[in-house]
Amino acid sequence: MLDAISAEAIKFTRHRATWGLVWIWPIGLAAIGLVAIAVGLLNPAVADSGQANAAGWIADAVAFWRVPGQGLGRCVIGAFVAMVFAGEYGWNTWKLIVPHRARSTLIAAKYVVALALLGCGFVLGAMVFNLAGWAEDVLTGDPIPPGIELGALAAAHGRGALAAIAPLLLTTAYVSFAAILTRSTVAALMIGFFVTTGEQLFRLFAPLFEPYAPGLIRALYQALPGYHVVNIGGWITTGELLQAPFASGVYSAPFAVSLAIVAFWVVLLVGLTFWRFRRQDIN
Amino acid sequence: MSEFDAPVLELADISKTYGRRAGAVNAVRGVSLSVGAGEVYGFLGPNGAGKSTTIRMLLGLIAPSAGIVRLFGRDLHTDPSVLRRVGSLVDGGNFYPFLSGRRNLEVLAKTHGGGSGRIDALLDQVGLVGDAGRKVKGYSTGMRQRLGVAGALLTDPDIVILDEPVNGLDAAGIQEMRSLIRSLAADRGKTVFLSSHLLNEVQQVCDRVAIIHKGEVVRESTVADLLRQDARSLRIEAAPLAAAEAALAGRWAVERSGEALLVAAARAETPEVVKRLVGAGIDLFGLAPVHSSLEDVFLAITAEEPGDA
């Protein structure tokens, strides 16, 4: 298994487009940070006025961890996963490796490498985001509130990272299944985009449509992962559960229920990916 | 049957059907063949005959709709790990275009779970040492093909399956490939299963061949037998030549070829030809079957409908 993981790592750390989707966060954020610093230095009037207290400053410093759960972040995750899983079809290279390893091992290695590289990208992105914010404050003369402790900052990063896991896993599961099913990077990316967007729109607008099909809408809302991903993130970072304002009554699932439902969807989609690939003809 | 007395490769009545009901296409129908250890086995057929589908089935890339693929006596469906003893080159060596030739072999070695120690020797063997650091997207078809052969031999497999291994190679490359295939079997005891449309190459390197046409194996035999069975003319040196021509012309088609006659008689008809010539008082100086080339045989067989052969 370690050999298979190593083989995957060789491939995708040398494929510019895929590797770029990992480094887009730290490099992009560093660039944005430098621009913000330059603007702040050249024109102090537009510089960020900063946070007045330590809790607010820390919350701003770890705000990057919200990205994996938002539309743009999930699109980038989807693009990366589509490249990792569907790239072999485009390069016609499954024929090269499938005869020599159990198919389940090949897919498992792809999951390990995809999640590890995405994890590295997001951790580095969060560090760069944090450092860029601090550097901007220092260089532009914004006051840094007293009482900021390294332990509190690290704990906030930890909570942010934990909250990012559910959308990361769910997006990976959607797109990997779409990639194996369609054998196309573009199709996987498009399906991933539409499914994640649909999931988010349904979470936002389902309460509005409840009067048209009360039982069905509420049941779907409870069974689909959209609400639960956000609920998990909210509970981890703020300790509060998400209240969904249905006309028939507010819906709020306990953390454990949301965790179980998201886990169910991830396991189902990943399981389907393994099952489909094991039975697939490589023409 | 133990592993040692089983054929190295055996296809038992395998079929592959794509689609369902009215739209179903039978790409391969009831193909059975077996290949023994150390044999060089040629698999021939026109485009669309089912060669590639068959090769993909014996590599576990696609699942047969019916039948069994056995490697070293073990059912591939229930024990796919047996493919670790197989090296393959399919579709002209598709590699990761953004990696160098050497990196591609490293990826392959890691996927196999071994073999990286042989990379340098294999690159040398296929003449790619100087280009090993270049990205594969800059390789010519022939270079990819040679890299594919190196990949197929990476784990020192017991059987090597080569799908059109000489595609894209120049004359010297083809000759090198021919030597390599021969040495794999003769010097290293490997079994080679090879498909090619270059029939002259197959004729020179293969011990046995199967010809597949419209999804069915229409002929399987040693190359020598195939050519002998399909020898359909005799070359006769006799005097006087005109009298010999007259004696035979009523029974067979006869044409002059320099100082000899070419008579369209099958090998089994040789005694009758001799009797006619001797009966007509003609001096017979030489008589030999004219062997068809494998290409002639192949074209004759594939011109027939499956089942006619």
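You'll find the structure just up there.
Residues numbered from 1 in each chain as written. Chains lettered and ligands numbered in written order. Predicted model: local features only at pLDDT ≥ 70, side-chain atom pairs only at ≥ 80, totals over all residues. Heavy atoms only, no water.

Draft legend 1. Structural view of empty space enclosed by the protein. Here the structure, examined in full by the defined rule, presents 2 cavities of 30 Å³ or more. Counted as a void, the largest cavity has a volume near 120 Å³. The wall of the largest cavity is formed by 15 residues, among which Lys95(A), Leu96(A), Ser88(B), Leu89(B) and Val90(B) lie closest to the centre. Among the elements of the structure, helix 5 (94–97) of chain A together with strand 6 (86–89), helix 2 (101–112) and helix 4 (141–152) of chain B are those that each provide at least two residues to the lining of the largest cavity. Element by element, the count of residues in the lining of the largest cavity is highest for helix 4 of chain B, at 3 residues. Looking at side-chain class alone, the lining of the largest cavity contains 6 nonpolar, 8 polar and 1 charged residues. (1 Å grid on protein atoms, 1.4 Å probe; cavity = no way out; pocket = protein on both sides within 12 Å on 5 of 7 lines; lining within 4 Å. Points joined across faces, edges and corners; volume = space filled by probe spheres on them. Helix = DSSP H or I, 4+ residues; strand = E, 2+ residues; numbered from the N terminus. Nonpolar A, V, L, I, M, F, W, Y, C, P; charged D, E, K, R; others polar.)

Draft legend 2. Region of interest: unusual backbone geometry. Cis geometry is found at the peptide bond from Ala239(B) to Pro240(B), where omega equals -5°. Unlike most non-glycine residues, Arg183(A) shows phi in positive territory, near 60°. Along the chain, Arg183(A) turns up in the loop between helix 7 (150–182) and helix 8 (185–209). For Phe72(B), which is not glycine, the phi torsion reads 50° and is therefore positive.

Draft legend 3. Representation of the environment of Val217(B). Relative to the assigned elements, Val217(B) resides in strand 10 (residues 216–222). With 168 residues separating them along the chain, Val217(B) and Ala49(B) place their C-alpha atoms 9.4 Å apart.

Draft legend 4. Looking closely at helix 8 (residues 241–249) of chain B. Residue and element names in this part refer to chain B. Buried within helix 8 are the following residues: Leu-241, Ala-244 and Leu-248. Buried positions in helix 8, seen along its axis, are confined to an arc of 60° and lie on one side of it. Buried positions along helix 8 lie against strand 11 (233–239), strand 12 (254–257), strand 13 (260–263) and helix 9 (270–279). (Buried < 20%, exposed > 50% of the residue type's maximum accessible area, 1.4 Å probe, protein only. Arc of directions from axis to C-beta. Contact = heavy atoms within 4.5 Å.)

Draft legend 5. Structural view of the interface of chain A and chain B. The interface of chain A with chain B comprises 27 residues on the first partner and 29 residues on the second. When chain A packs against chain B, close to 2500 Å² is buried across both sides, 59% of that on carbon and sulfur atoms. The tally of links from chain A across to chain B stands at 1 salt bridge. A salt bridge links Lys16(B) to Asp281(A); the shortest N-O distance between them is 2.7 Å. Summed over the shared surface of chain A and chain B, the result is 9 residue pairs in polar contact (both at pLDDT 80 or more). (Buried area = accessible area lost by both parts, 1.4 Å probe. Salt bridge = Lys/Arg side-chain N within 4 Å of Asp/Glu carboxyl O. Polar contact = N/O pair within 3.5 Å; in protein donor to acceptor, adjacent residues only side chain to side chain.)

Draft legend 6. Quick peek at the sheet that holds strand 10 of chain B. All names here are of chain B. An order of 6-7-8-3-9-10 is seen for the 6 strands of this open sheet, with the pairing classed as mixed. Two strands in the sheet have a free side with no partner beyond their single neighbour: strand 6 and strand 10. With strand direction ignored, the average angle separating the axes of adjacent strands in the sheet is 15°. For strand 9 (residues 208–213) and strand 10, the ladder comprises 6 bridges, and the chain directions are antiparallel. For Arg-208, the partnering residue across the bridge sits in strand 10 and is Thr-222. The strands that helix 4 touches are strand 6 and strand 7 (159–163); relative to strand 6, the one it contacts most, it runs at about 170°. This element, helix 5 (residues 171–186), spans strand 3 (40–44), strand 7 and strand 8 (191–195) of the sheet and lies at about 150° to strand 8. (Pairing = 2+ DSSP bridges. Axes fitted to C-alpha atoms, helices over the stretch in contact; angles between N-to-C directions.)

Draft legend 7. Spatial organisation of the pattern of salt bridges. Tallying each qualifying case throughout the model produces 20 salt bridges over all chains. When the shortest N-O distance is used, the salt bridge between Lys11(A) and Glu8(A) registers 2.7 Å. A residue pair is termed a helical-turn pair when its members lie 3 or 4 positions apart in one helix, as Lys11(A) and Glu8(A) do in helix 1 (residues 2–13) at 3 residues. With respect to burial, Lys11(A) and Glu8(A) carry one shared label: buried. A salt bridge links Arg251(B) to Glu272(B); the nearest nitrogen and oxygen atoms lie 3.1 Å apart.

Draft legend 8. Main features of helix 1 (residues 51–58) of chain B. Residues and elements named next belong to chain B. For helix 1, the buried fraction is high: 7 of the 8 residues fall into the buried class. For helix 1, every residue scored as buried is listed here: Lys-51, Thr-53, Thr-54, Ile-55, Arg-56, Met-57 and Leu-58. Just beyond helix 1, the residue with positive phi is Gly-60, at close to 75°.

Draft legend 9. Summary view of the packing of aromatic side chains. As enumerated under the stated definition, the model contains 22 aromatic pairs over all chains in all. Ring geometry for Tyr221(A) against Tyr251(A): centres 6.2 Å apart, planes inclined by 85°, an arrangement best described as edge-to-face. With Tyr221(A) in helix 9 (residues 214–223) and Tyr251(A) in strand 2 (residues 249–251), the pair connects residues that are 30 residues apart, well separated along the chain. Accessibility classification places Tyr221(A) together with Tyr251(A) in one group, the buried group. Taken together, a centroid distance of 4.2 Å and an interplanar angle of 25° make the contact between Trp235(A) and Phe255(A) stacked. With Trp235(A) in helix 10 (residues 225–238) and Phe255(A) in helix 11 (residues 255–279), the pair connects residues that are 20 residues apart, well separated along the chain. Of the residues examined, Phe255(A) reaches a relative accessible area of 23% and is grouped as partly exposed. Among the aromatic residues, ring-to-ring pairing joins Phe12(A), Trp91(A), Tyr96(B) and Phe98(B) into one connected group. The residue whose ring lies beneath Arg103(A) is Phe277(A), and the NZ or CZ to ring-centre distance is 5.5 Å. Above the ring of Phe72(B), the side-chain terminus of Arg85(B) is found at 3.7 Å from the ring centroid. (Phe/Tyr/Trp six-rings, centres within 6.5 Å; stacked < 30°, edge-to-face > 60°. Lys NZ or Arg CZ within 6 Å of the ring centre and 35° of its normal.)

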